[in-house]
Amino acid sequence: MNIAVFCSGNGSNFQAIADSVKNGGIKANIALMVCDNPSAYALERAKKEGINSLVIERKSFKTKDEYEAEIIKNLEKENIELICLAGYMRIVSPSLVQRYSNKILNIHPALLPSFKGTQGIKDALDYGVKLSGVTVHFVNDKMDQGPIILQEALEIKDDDTEKSLAERIHQIEHKLYPQAVRLFVEGRLGIEGRKVKIR
Ligand code: GRF
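Residues numbered from 1 in each chain as written. Predicted model: local features only at pLDDT ≥ 70, side-chain atom pairs only at ≥ 80, totals over all residues. Heavy atoms only, no water.

Peer 1: Outline the overall build of the protein chain, supporting the account with residue identities and numerical values.
Peer 2: Each helix and strand counted, the protein chain has six helices and nine strands in total. Taken against the 2.2 N^0.38 rule, which gives 16 Å for 199 residues, the C-alpha radius of gyration of the protein chain at 16 Å falls within 12% of a compact globule. Among the 199 residues that make up the protein chain, the fraction classed as buried is 49%. Contacts in the protein chain between residues at least 24 apart in sequence constitute 62% of all its contacts with a sequence separation of at least 6. Here the protein chain displays about 10,200 Å² of accessible surface, and carbon together with sulfur accounts for 48% of that area. (Helix = DSSP H or I, 4+ residues; strand = E, 2+ residues; numbered from the N terminus. Rg over C-alpha atoms; globule rule 2.2 N^0.38 Å. Buried < 20%, exposed > 50% of the residue type's maximum accessible area, 1.4 Å probe, protein only. Contact = heavy atoms within 4.5 Å. Areas by Shrake-Rupley, 256 points an atom, 1.4 Å probe, with all protein chains shown as cover.)

So, in structure tokens, the structure goes:
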């Protein structure tokens, strides 16, 4: 199975998936990284791993549709069957979601449906919740609202800062995302309405 990983920044989740492919946990091939930010560290990681990357900036296209059409063209060229959003800071449009229906995963640094959006870690800390965590979910046409595949909770400590909490969240992410990708690749995820059954 050919996988594409979409990134905008550091790419540590891409790295975790790539490491799991290398050590045989995920029996699939990362055929492409799609990155909308030419200065993302994720691109260095792809280069080091020998993984082909497509740098594609939204500003090079007149409309979002044209931007995504170019992405889809490249995904089709590589016969991509699974897309992993990993710190990709854009909302994917309905055309991409429909073309790859139930084949797009995302990781979110909070326990959805709480703290959707781009600041899940900060928002959970500011709100004062005692538990937060990580969610891996399918992507549908509503942001951070697709069926949930895996979640893991962690306790927020009184002296946590955004940095200390982020560190523990990332540790969980790097374990949970490869696990979810593996389940997908092995055909073990069944979607029944909002529920994902692991077989
Ligand atoms: C992660 O915290 C992920 O949950 C969120 O964006 C961050 C990406 O980090 N969607 P990285 O680029 O994978 O290091």
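Peer 1: Quick one: what's the story with the nonpolar core, residue by residue and with numbers?
Peer 2: Judged by nonpolar contacts, the single largest core of 45 residues is most densely connected at Ile3, Phe14, Ile149, Tyr177 and Val181. Element by element, the count of residues in this core is highest for helix H6 (residues 162-185), at eleven residues. Every residue in contact with Ile149, bar those within four places of it in the chain, is listed here: Leu105, Val136, His137, Phe138, Ala180, Leu189, Val196 and Ile198. Ile56, Leu75, Ile80 and Ile104 belong to the second largest nonpolar core, which has 21 residues in total. (Core = buried A, V, L, I, M, F, W, Y, C linked by side-chain atoms within 4.5 Å.)

Peer 1: Lay out the site of the ligand in plain terms, naming residues and giving numbers.
Peer 2: Every residue near the ligand is listed here: Asn10, Gly11, Ser12, Asn13, Gly87, Ile107, His108, Pro109, His170 and Glu173. Note that an oxygen atom of the ligand is positioned 2.3 Å from one of the side-chain N or O atoms of Glu173. Alone, the ligand offers 370 Å² of accessible surface; in the complex the protein occludes 84% of this. Only helix H1 (12-22), strand S5 (104-108) and H6 provide two or more residues apiece to the shell around the ligand. (Near = heavy atom within 4 Å. Polar contact = N/O pair within 3.5 Å; in protein donor to acceptor, adjacent residues only side chain to side chain.)

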